[in-house]
Amino acid sequence: TPTGQFNISVKMPSKHMGNGKMTDDINAYELPGVPWVSFFDTTGVAFHGTYWHYNFGYKMSHGCVNMTVEDAKWLYCWALPEIEPHIWEQRGYGTSIHIY
C-alpha cells in the first residue's frame with residue numbers, strides 16, 4: 001500500500017479485480033464482485049471489502065487496503081464523493097486520507 005496523502009477519487013459498489021483470464025491456478029489474481037470499493041490512488045489501489053480471507057493485519061493484497069465487508073461498506077457510505085444508490089461508478093474529488 002502506498003503511503004502519503006490521497007483523496008478518494010472513484011467509488012463503486014462492486015468491482016471485478018483481475019485481468020479477466022480465468023485459470024485453474026489457485027494463486028491467480030481473479031476476484032469477481034469485490035464489494036464497496038473506494039479508490040484513492042491512480043494505480044488502482046483502494047479500500048474494499050474482502051470475502052476471500054480473514055487475515056486482517058497481514059499483507060494479503062496487491063496494495064489495496066483489505067477490510068471486512070461491513071467496515072468497507074461503512075467507509076464507502078461515509079466518505080466523499082457522495083454516490084446515489086442507482087449509480088454504478090462515481091468519480092470526484094473526495095475525502096482526504098493519510099496512509100502511514
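Residues numbered from 1 in each chain as written. Predicted model: local features only at pLDDT ≥ 70, side-chain atom pairs only at ≥ 80, totals over all residues. Heavy atoms only, no water.

1. Let's talk about the overall build of the protein
- The secondary structure content of the protein amounts to one helix and seven strands.
- Mapped in sequence order, the helices and strands of the protein form the string β-β-β-β-β-α-β-β.
- The C-alpha atoms of the protein give 13 Å as radius of gyration, which agrees with the globular expectation for 100 residues (13 Å, within 12%).
- Summarising its shape, the C-alpha atoms of the protein cover approximately 40 × 35 × 25 Å along the three principal directions.
- Excluding contacts between residues fewer than 6 apart, the proportion of contacts in the protein whose partners are at least 24 apart in sequence is 49%.
- A total accessible area of about 6600 Å² is found for the protein, and carbon and sulfur atoms account for 57% of it.
- Each charge class in the protein was averaged separately, 6 positive and 9 negative side chains, and the resulting centres sit 4 Å apart. (Helix = DSSP H or I, 4+ residues; strand = E, 2+ residues; numbered from the N terminus. Rg over C-alpha atoms; globule rule 2.2 N^0.38 Å. Contact = heavy atoms within 4.5 Å. Areas by Shrake-Rupley, 256 points an atom, 1.4 Å probe, with all protein chains shown as cover. Lys, Arg positive; Asp, Glu negative; His and termini not counted. Charge placed at Lys NZ, Arg CZ, Asp CG, Glu CD.)

2. Things to note about the sheet that holds strand β5 (residues 65-67)
- Pairing within the open sheet is mixed, and its five strands lie in the order β5-β4-β3-β2-β6. On the outer flanks of this sheet lie β5 and β6 (90-91), each paired with one strand and no other.
- Both strand β2 (residues 10-18) and β6 contribute to a ladder of two bridges, which runs antiparallel. Note that in β6 the partner of V10 across the bridge is R91.
- Along the sheet, helix α1 (residues 69-78) makes contact with β2, β3 (30-39), β4 (46-49) and β5, crossing β3 at roughly 40°. (Pairing = 2+ DSSP bridges. Axes fitted to C-alpha atoms, helices over the stretch in contact; angles between N-to-C directions.)

3. Let's talk about the side chain of N66
- Along the chain, the position of N66 falls in strand β5.
- Using a relative accessible area of 15% as the deciding quantity, one classes N66 as buried.
- Once you skip the residues sitting within four places of it in the chain, N66 turns out to touch H48, T50, W52, H53, F56, M60 and S61. (Buried < 20%, exposed > 50% of the residue type's maximum accessible area, 1.4 Å probe, protein only.)

4. Details of the nonpolar core
- Counting eleven residues, the largest nonpolar core consists of F6, I8, F40, V45, F47, M67, A72, L75, A79, I97 and I99.
- Sorting the residues of this core by element identifies α1 and β7 (96-99) as the ones contributing at least two each.
- In this structure F47 touches W36, V37, S38, F40, V65, M67, L75, I97 and I99, once residues within four positions along its chain are discounted. (Core = buried A, V, L, I, M, F, W, Y, C linked by side-chain atoms within 4.5 Å.)

5. Section: the packing of aromatic side chains
- Using the criterion set out here, one finds six aromatic pairs in the structure.
- Above the face of the Y76 ring, K11 is positioned so that its terminal group lies 4.9 Å from the ring centre. (Phe/Tyr/Trp six-rings, centres within 6.5 Å; stacked < 30°, edge-to-face > 60°. Lys NZ or Arg CZ within 6 Å of the ring centre and 35° of its normal.)

6. As for the pattern of salt bridges
- In the structure shown here, the tally under the stated rule is one salt bridge.
- Taking the shortest distance from any N to any O, the salt bridge between R91 and E89 comes out at 2.7 Å.
- Note on R91: relative accessible area 57%, which makes it exposed. (Salt bridge = Lys/Arg side-chain N within 4 Å of Asp/Glu carboxyl O.)

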